[in-house]
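Structural overview for review
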Amino acid sequence: MKGDILLGIAGLEAAYGKIRVLHGISLEVREGSFVTIVGANGAGKTSLLKCLMGLLRAKGEMKLRGKSILYLPAHGRVGLGIGYIPEGRHVFPELSVEENILVTATRNRSVRREDLLERSYSLFPRLGERRVQAAGSLSGGEQQMLAFARALALDPSLVIADEISLGLAPIVVDRLFEVLIALRDRGTTILLAEQNAKRALEAADRAYVLEAGKVTIEGEASRLATDPKIVEAYLQNL
């Protein structure tokens, strides 16, 4: 088992208007671990991550390092060392690659801007080749790399990532998972919501299966990858 509990939630509920989307979710993410949340489209994965980032109002218990963050605004959570990679990239299309990275890098004053950029380009050399190009003109894979680089410029202790493989070429997906695994191996905690259950379970230490806004199965990722119920529901057609 990894270290102490970094992120803990219990009885979490959320709704869009009168439509409830999360029904009493409980989970924990330990320091230095790679945890994945898998489930079909519409299971509530993105809604859960939005709650964790303060982008969707929630009820229940949500603690980071033992302290409640339930009512903390999104920028306050980023300030506590959380890097967020949202579904759909959400880069600033009119800004250059370099400007997109530096927008968030200004919060990390402990490292020189040049060093932050160099680190980003060493992770994703393609971004270095396109550093002055407008982000909106990049391919989908390049924009996802940029979303990664922008989040990692903060040097976060916890990375929360949402659907990183959606619509991307396998070679790009491979690189993104390599980066997440390397981050975990150097001590960064990872929480990934991912529809590609096969890749997520291969990479993660622990997994939670979300169905209709509820956690239905949890356990070691390697065990869930061979669980007949998981194989039948999520893996047999991959």
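Thresholds applied
- Numbering of residues starts from 1 in each chain and follows the order in which that chain's sequence is written.
- Thresholds applied to this predicted model are a pLDDT of at least 70 for local features of residues and 80 or more for the giving and counting of side-chain atom pairs; totals over whole chains, interfaces and linings are not thresholded and use all residues.
- Only hydrogens and water are set aside; all other atoms, that is, all heavy atoms of the structure, feed into the side-chain values.
- Elements are defined by DSSP. Helices are runs of H or I of four residues or more, strands are runs of E of two residues or more, and each kind is numbered from the N terminus.
- Every radius of gyration here is taken over C-alpha atoms, with the globule rule written as 2.2 Å times N^0.38, N being the number of residues.
- Relative accessibility under 20% of the residue-type maximum defines a buried residue, over 50% an exposed one, and the middle range a partly exposed one, all with a 1.4 Å probe and only protein chains included.
- Contact between two residues is taken to exist if any of their heavy atoms lie within 4.5 Å; hydrogens are not considered.
- In this description, accessible areas are obtained by the Shrake-Rupley approach with a 1.4 Å probe, and a residue is regarded as covered only by the protein chains that are shown.
- Two strands form a pair only when DSSP identifies at least two bridges running between them.
- Only rings of Phe, Tyr and Trp enter the pairing, Trp through its six-membered ring, and a pair is recorded when the two centres are within 6.5 Å. The plane angle decides the type: under 30 degrees is stacked, over 60 is edge-to-face, the rest tilted.
- In this description, a line fitted to the C-alpha atoms serves as the axis of each element, helices being fitted only across the stretch in contact, and the angle between N-to-C directions of two axes falls anywhere from 0 to 180 degrees.
- Every angle not falling under 35 degrees, over 145, or within 65 to 115 is termed oblique; those three ranges are roughly parallel, roughly antiparallel and roughly perpendicular.
- Less than a right angle of anticlockwise turn of the near helix away from the far helix marks a crossing as left-handed, whereas a clockwise turn marks it as right-handed.
- Classification used: nonpolar for Ala, Val, Leu, Ile, Met, Phe, Trp, Tyr, Cys and Pro, charged for Asp, Glu, Lys and Arg, polar for all others including Gly.
- What counts as a salt bridge is simple: a side-chain nitrogen of Lys or Arg found within 4 Å of a carboxyl oxygen of Asp or Glu.

In terms of helices and strands, the chain carries 10 helices and 10 strands. In summary, the chain has a C-alpha radius of gyration of 17 Å against a globular reference of 18 Å for 238 residues, a match within 12%. When the backbone C-alpha atoms are referred to their principal axes, the chain occupies close to 45 × 40 × 40 Å. Counting only residues that meet the buried cut, the chain has 50% of its 238 residues in that class. Across the chain, every contact between residues at least 6 apart in sequence was considered, and the portion connecting residues at least 24 apart equals 67%. Counting only carbon and sulfur atoms, one obtains 51% of the accessible surface of the chain, whose full area is about 11,400 Å².

So, on to the pairing of strand S1 (residues 5-16). With nine bridges connecting them, S1 and strand S2 (residues 19-30) associate as antiparallel partners. When the sheet's bridge partners are listed, Tyr-16 is paired in S2 with Ile-19. With six bridges connecting them, S1 and strand S4 (residues 58-64) associate as antiparallel partners. Along S4, the bridge assignment pairs Gly-8 with Lys-63.

Below, the discussion takes up the side chain of Ser-47. Structurally, the position occupied by Ser-47 is in helix H1 (residues 45-52). Those residues in contact with Ser-47, other than ones at most four positions away along the chain, are Tyr-16, Val-21, Leu-22 and Leu-56.

Next up on the list: the packing of aromatic side chains. A full pass over the atoms with the stated rule returns one aromatic pair. Centroid distance Phe-124 to Phe-148: 6.1 Å. Interplanar angle 85°. Geometry classified as edge-to-face. In this pair, Phe-124 is assigned in the loop between helix H4 (113-123) and helix H5 (125-129) and Phe-148 in helix H6 (residues 140-152), connecting sequence segments 24 residues apart. With a relative accessible area of 0%, Phe-148 lands in the buried category.

Here we have six strands laid out as an open sheet, ordered S6-S7-S8-S3-S9-S10, and mixed in their pairing. In this open sheet, the two strands that pair with only one neighbour each are strand S6 (82-85) and strand S10 (214-220). On average, each strand axis in the sheet is tilted by 15° relative to the strand beside it, whichever way the strands run. By the bridge criterion, five bridges tie strand S3 (residues 34-38) to strand S8 (residues 189-194) in an arrangement that is parallel. From the neighbouring strand, Ile-37 faces S8, where its bridge partner is Ala-193. With respect to the sheet, helix H7 (residues 170-185) is in contact with S3 and S8, its orientation differing from that of S8 by roughly 150°.

Position of Ala-74 among the secondary structure elements: in helix H2 (residues 74-79). The exposure class of Ala-74 is partly exposed, given its relative accessible area of 22%. Here the alpha-carbon distance between Ala-74 and Ala-151, two residues 77 residues apart in the chain, equals 14 Å. Excluding residues within four positions of it along the chain, Ala-74 makes contact with Met-53, Gly-54 and Leu-55.

The subject of this paragraph is the packing of H6 against H7. Where H6 contacts H7, the two axes come as close as 10 Å, and the packing angle between them is 15°. One finds that H6 runs roughly parallel with respect to H7. Crossing hand, H6 versus H7: left-handed. In this structure, H6 contributes Gly-141, Gln-144, Met-145, Phe-148 and Leu-152 to the contact, and H7 contributes Val-172, Leu-176, Val-179, Leu-180 and Leu-183. Grouping the constituent residues of the contact of H6 with H7 by class yields eight nonpolar, two polar and no charged.

We now examine the pattern of salt bridges. Evaluation of the coordinates by the stated rule reveals 15 salt bridges. Glu-163 serves as the salt-bridge partner of Lys-45, at 3.3 Å between the closest nitrogen and oxygen. With Lys-45 in helix H1 and Glu-163 in the loop between strand S7 (158-162) and H7, this residue pair connects regions lying 118 residues apart in the sequence. Where Asp-155 meets Arg-186, a salt bridge forms, and the shortest distance between an N and an O atom there is 3.8 Å. You can see Asp-155 sitting in the loop between H6 and S7 and its partner Arg-186 sitting in the loop between H7 and S8, a full 31 residues away along the chain. If you follow the salt bridges from partner to partner, you end up with Asp-174, Lys-198, Arg-199 and Glu-202 in one network.

Treat this as a map of the structure, not an account of what it does.
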